[in-house]
Amino acid sequence: MNEIYEMIPIVITRVRNKIPLIHNITNVVVTNFTANGLLALGASPVMAYAKEEVADMATVADALVLNIGTLTAGNVESMIIAGKAANVANTPVILDPVGAGATRYRTESVHRIMKEVDITLLRGNAAEIANVAGIKAEVRGVDSVNVHDNREIALEASKLLQVPVVITGEQDVVSVNGKLTLVGNGHEMLTKVTGTGCLLSAILGAFIAVEGDILLSSTAALVTYGIAAELAFEKTKEDGPGSFQMELLNRLAKINEADVKKWMKVEIEEEA
Ligand code: ATP
Ligand code: TZP
Ligand code: MG
Ligand code: MG
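Residues numbered from 1 in each chain as written. Chains lettered and ligands numbered in written order. Predicted model: local features only at pLDDT ≥ 70, side-chain atom pairs only at ≥ 80, totals over all residues. Heavy atoms only, no water.

A. Spotlight on the overall build of the protein chain. When helices and strands are counted, the protein chain shows 12 helices and 11 strands. For 272 residues, the compact-globule formula gives about 19 Å, and the C-alpha radius of gyration of the protein chain, at 17 Å, lands near that figure. Principal axes of the C-alpha set define a box for the protein chain whose edges measure 45 × 40 × 35 Å. A separation of at least 24 residues holds for 72% of the contacts in the protein chain among residues at least 6 apart in sequence. Taken as a whole, the protein chain presents about 11700 Å² of accessible surface, with 49% of it coming from carbon and sulfur. Averaging the coordinates of the 23 positive side-chain charges in the protein chain and doing the same for the 33 negative ones gives two points 3 Å apart. (Helix = DSSP H or I, 4+ residues; strand = E, 2+ residues; numbered from the N terminus. Rg over C-alpha atoms; globule rule 2.2 N^0.38 Å. Contact = heavy atoms within 4.5 Å. Areas by Shrake-Rupley, 256 points an atom, 1.4 Å probe, with all protein chains shown as cover. Lys, Arg positive; Asp, Glu negative; His and termini not counted. Charge placed at Lys NZ, Arg CZ, Asp CG, Glu CD.)

B. Representation of the site of ligand 2 in the model. Around ligand 2, the structure places 10 residues, and the nearest of them are Gly 69, Gly 195, Thr 196, Gly 197 and Cys 198. For ligand 2, an oxygen atom lies 3.5 Å from a polar atom in the backbone of Thr 196. Between ligand 2 and Gly 197, the relevant distance is 2.9 Å, taken from an oxygen atom to a main-chain nitrogen or oxygen of the residue. For ligand 2, whose accessible area on its own is 370 Å², the fraction buried by protein is 77%. When its residues are assigned to classes, the shell around ligand 2 shows 4 nonpolar, 6 polar and no charged. (Near = heavy atom within 4 Å. Polar contact = N/O pair within 3.5 Å; in protein donor to acceptor, adjacent residues only side chain to side chain. Nonpolar A, V, L, I, M, F, W, Y, C, P; charged D, E, K, R; others polar.)

C. Geometry of the environment of Asn 75. Considering the arrangement of structural elements, one finds Asn 75 in helix 5 (residues 73-89). Separated by 48 residues in the primary sequence, Asn 75 and Asn 27 place their C-alpha atoms 9.6 Å from one another. If we ignore the near neighbours within four places in the chain, the residues touching Asn 75 are Tyr 49 and Thr 70.

Below you can see the structure in the form of structure tokens.
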């Protein structure tokens, strides 16, 4: 397991060397920010939604990221077509169930997608993940309302759904096959900019595209993103969310192995 600590800083360099193509079917709020965040990091974003083309795009992509933030019936159909093609092509699929539990349509759509598509990683806040897994939790709009025990919900949800899970919040949790990592990096300012969770889901796609060990790649993505946010806050703390959002892109472009090694806050639980 010590090996994981040594490997975490290296994954960002692998992303930059490979420049993975990330196919996003995402929401209208975060589209531009997600594309710019992936580019800054060193990945290659593409947004493609038409049911006539999503299978082709998902087949050539290095990861497919599905995000239900501004769902339409057409998008659900496209997500399922893309997801099935990704499964055939061995393209990893990341699902962000934005606002699951807030409306019946969102929860049902997530269940439909998960029934038809093998998901490599499910990433959301605690309430979204709890609602997808059928664990009782409250969601209003796209934000988590209650304070939840991220660790317990991640563990239970990944067991119930039989899928790797990342829950984000003040502390992030990765749960894969009974193993857990807890990530303490990040900054509260991330909650003042919309789309920071959605961008993170896309970045998880970029990391999973270059490292197939989901516990390692997901932990590396969370740590790298969290540290970039901490450094962005340091530089812009006198200003506010606008400057922070811009600086987050700058820091995603600049963060390197040495930064990750120096600032990472990770706990590993072998047998949770
Ligand atoms: P929500 O709608 O609940 O805000 P989200 O989809 O935006 O969910 P977050 O849970 O906010 O996703 O996670 C996005 C990023 O923000 C992650 O890197 C996470 O670690 C970080 N984050 C969220 N809340 C905090 C916090 N209180 N302190 C530090 N970092 C945080
Ligand atoms: N409404 C629908 S999707 C969306 C909003 C505000 C963006 C949510 O982004 P995030 O990353 O979950 O904060
Ligand atoms: Mg947030
Ligand atoms: Mg979200």
